[in-house]
Amino acid sequence: MKRIRTRFAPSPTGYMHIGNLRTALYAYLFAKSQGGDFILRIEDTDRARYVADAVDFIERTLAAAKIIPDEGPHHGGNFAPYVQSERMDIYKKYAEQLVADGHAYREDGAIRQKMPRVGETTFFDVLHGNITIANSELEDQVLLKSDGMPTYNFANVIDDHLMEVSHIIRGTEFITSTPKHVLLYEFFGWELPTFIHLAPVMGKADDGTVSKLSKRHGATSFNDLIEAGYLPEAITNYVALLGWSPKNSCQEIFSMDELIKNFSLDGLSKSPAVFDYAKLDWMSGEYFKAMTDENFAAVAEKYFVDFDAPKKIFLASLLKTRVAKLSEIPAMISFLKNLPPFDVELFTNKRNKLTPQKSAEILAPAIKILEQVDDWSLDALNEKISAFVAQSGLKVGAVMWPLRIALSMQKVTPGGVTEILYLLGKKISLERLNGALEKLT
RNA sequence: GGCGCCUUCGUCAAGUGGUUAAGACACCGCCCUCUCACGGCGGGUUCAAGGGUUCGAAUCCCUUAGGCGUCACCA
């Protein structure tokens, strides 16, 4: 049985589109699930589009996504170099051979492939079955450009053969050029690899229209998503399910190992999938909720205001069930650092039958009690407030509402009053409480 | 326009001639609850259209429509 070898062959553009990442992921998962090899090859044959440091960028992105090449520019391997611009001699040799054999010819300093005028070319695609295209649709494409660089359609065939790639996993945009590749394999007498053409990932624009994912759909690169505060694992997990689903299972949360274990080509979908932020948010939230408070505090650290270590861990416990992406955190906790402007309207709450005046009547005795609390811990605070509620004869909500407003000046807070008191500390809590009471009376 | 690919809830999708057409996200409702979340329970919405084939079709065939791709010395 032939060894399974797949490759991811991006051009170095300095931008890792989510659709590209998915292609890389599937190629990786398939290779690993079969005990095979995953190759990274850089297709930098277009000098005009070269972007400095792009190779580095691609490698870092794959590493962040835990897609680890077995072979590549900086991963070693027996088929180096893995950068096409360093393989020009190889392409030249094969192009010359084609010319000598009468399958190609020179024109304007370039070498063109000579296509058959009649007949048709058929190839097998794992997802789509046999695909047949009339040879008359094929043009005498350029193989070797006048600058000596090969075109994609040529280099790709040479390299996939030389690097012993067994399965070509790429986007559907290559379906119509595949017959040209197939003809080249035939000219050389090489064995055909197995083709798998993946449907594109679509994006939904603000106006609701669906089209191939691009920058106008907001953050659609792996990097943008990382910057928005999604975990790499969550992104990879979500992307894996955009066009693939496990057989005989409804599992949706997958670690990379589980993905490898469960991956199979027949779970691949042949129709386009729309990237859905709502589902990504849900999945991301699942990852956060599954984390320990310590781990969450560590990944969210840079979004936290300055608290001591125990409070950061505590804040993490509050936030991890409420966050879809880390960048939401500052807005959720900014009130802890800076109290929003006083707004008397907030003290009106009809569910608890509260008016500003009634709120003041509750605040005054509550402040008295809190002033006497020495042990400013969650348990102690909870106990004191509960006792106050019981003694006041009021409903819990009626007591908590004015306290929350006075402490945060917002209707919604992550966590309850006790939690906010604890995070704020005694001094600031009482300052805020007294400040509100003054303004209310 | 030629050629090619695609078409199951709003979205991701299971399904391969006989199912009450899974599940998830989102949405709605209820419960829990000091707010928001979390958690629990429940609900509505789907086979693009039209023809066949068949006792029986989301599943097979044809046509139409729509979407996408491709027709570069870009990949």
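Definitions and limits used
- Residues numbered from 1 in each chain as written.
- Chains lettered and ligands numbered in written order.
- Predicted model: local features only at pLDDT ≥ 70, side-chain atom pairs only at ≥ 80, totals over all residues.
- Heavy atoms only, no water.
- Helix = DSSP H or I, 4+ residues; strand = E, 2+ residues; numbered from the N terminus.
- Salt bridge = Lys/Arg side-chain N within 4 Å of Asp/Glu carboxyl O.
- Buried < 20%, exposed > 50% of the residue type's maximum accessible area, 1.4 Å probe, protein only.
- 1 Å grid on protein atoms, 1.4 Å probe; cavity = no way out; pocket = protein on both sides within 12 Å on 5 of 7 lines; lining within 4 Å.
- Points joined across faces, edges and corners; volume = space filled by probe spheres on them.
- Nonpolar A, V, L, I, M, F, W, Y, C, P; charged D, E, K, R; others polar.
- Near = heavy atom within 4 Å.
- Polar contact = N/O pair within 3.5 Å; in protein donor to acceptor, adjacent residues only side chain to side chain.
- Contact = heavy atoms within 4.5 Å.

Engineer: Run through unusual backbone geometry, naming residues and quoting values.
Structural biologist: In the segment running from Ala80 into Pro81, the intervening peptide bond is cis, with an omega of -5 degrees. Topologically, Pro81 is positioned in the loop between helix 2 (54-64) and helix 3 (88-101). Notably, Lys353 is not glycine yet its phi reads approximately 55 degrees, a positive angle. Of note, Lys353 is situated in the loop between helix 12 (329-337) and helix 13 (356-371).

Engineer: I'd like a description of the pattern of salt bridges, backed by residues and values.
Structural biologist: By the definition in use, this model includes 22 salt bridges. A salt bridge links Arg87 to Asp159; the nearest nitrogen and oxygen atoms lie 2.8 Å apart. Residue Arg87 is located in the loop between helix 2 and helix 3, and its partner Asp159 is located in helix 4 (residues 152-162); the two are separated by 72 residues in the primary sequence. Like Arg87, the residue Asp159 is buried in the burial classification. Lys289 serves as the salt-bridge partner of Glu286, at 3.1 Å between the closest nitrogen and oxygen. Of this pair, Glu286 and Lys289 both sit in helix 9 (residues 277-290), three residues apart, which is roughly one turn of the helix. The class of Lys289 is partly exposed, set by a relative accessible area of 42%. Among the charged side chains, a salt-bridge network with shared partners connects Arg7, Arg41, Glu43, Arg87, Asp159 and Asp160.

Engineer: Residue-level account of empty space enclosed by the protein, with values.
Structural biologist: Per the counting criterion, the structure on display carries one cavity of 30 Å³ or more. Empty space within the largest cavity amounts to approximately 50 Å³. Ala366, Ile369, Leu370, Lys384, Ile385, Phe388 and Leu403 are the residues that line the largest cavity. Residue composition of the lining of the largest cavity, by class: six nonpolar, no polar and one charged.

Engineer: Describe the protein's contact with RNA strand B, and please don't skip the residues or the numbers.
Structural biologist: Taken together, 57 residues surround RNA strand B, and among them Thr45, Lys145, Glu252, Thr321 and Arg322 come closest. Within 4 Å of the protein, the atoms of RNA strand B are drawn from sugar and phosphate moieties in a proportion of 71%. For RNA strand B, a sugar or linking oxygen lies 3.1 Å from a polar atom in the backbone of Lys411. Those elements giving two or more residues to the surface near RNA strand B turn out to be strand 4 (110-113), strand 6 (129-134), strand 12 (273-274), helix 9, helix 15 (396-408) and helix 16 (417-440). Residue composition of the surface near RNA strand B, grouped by class: 18 nonpolar, 18 polar and 21 charged.

Engineer: Quick rundown of the layout of surface pockets? Include the residues and the values.
Structural biologist: There is about 1000 Å³ of room inside the largest pocket. Every residue lining the largest pocket is counted, 37 residues in all, and those nearest its centre are Ala9, Ser11, Asn20, Glu173 and Phe174. For the lining of the largest pocket, the secondary-structure elements that each account for two or more residues are strand 1 (5-8), helix 1 (18-33) and strand 8 (167-171). For the lining of the largest pocket, the element with the most residues is helix 1, which contributes four residues. Among the residues forming the lining of the largest pocket, the class breakdown is 16 nonpolar, 11 polar and 10 charged.

Engineer: Please set out the side chain of Asn352 residue by residue, giving values where relevant.
Structural biologist: Among the structural elements, Asn352 can be located in the loop between helix 12 and helix 13. Residue class for Asn352 comes out buried when judged on its relative accessible area of 17%. Here Asn352 is in contact with Gly397, Ala398 and Trp401, once residues within four sequence places are set aside.

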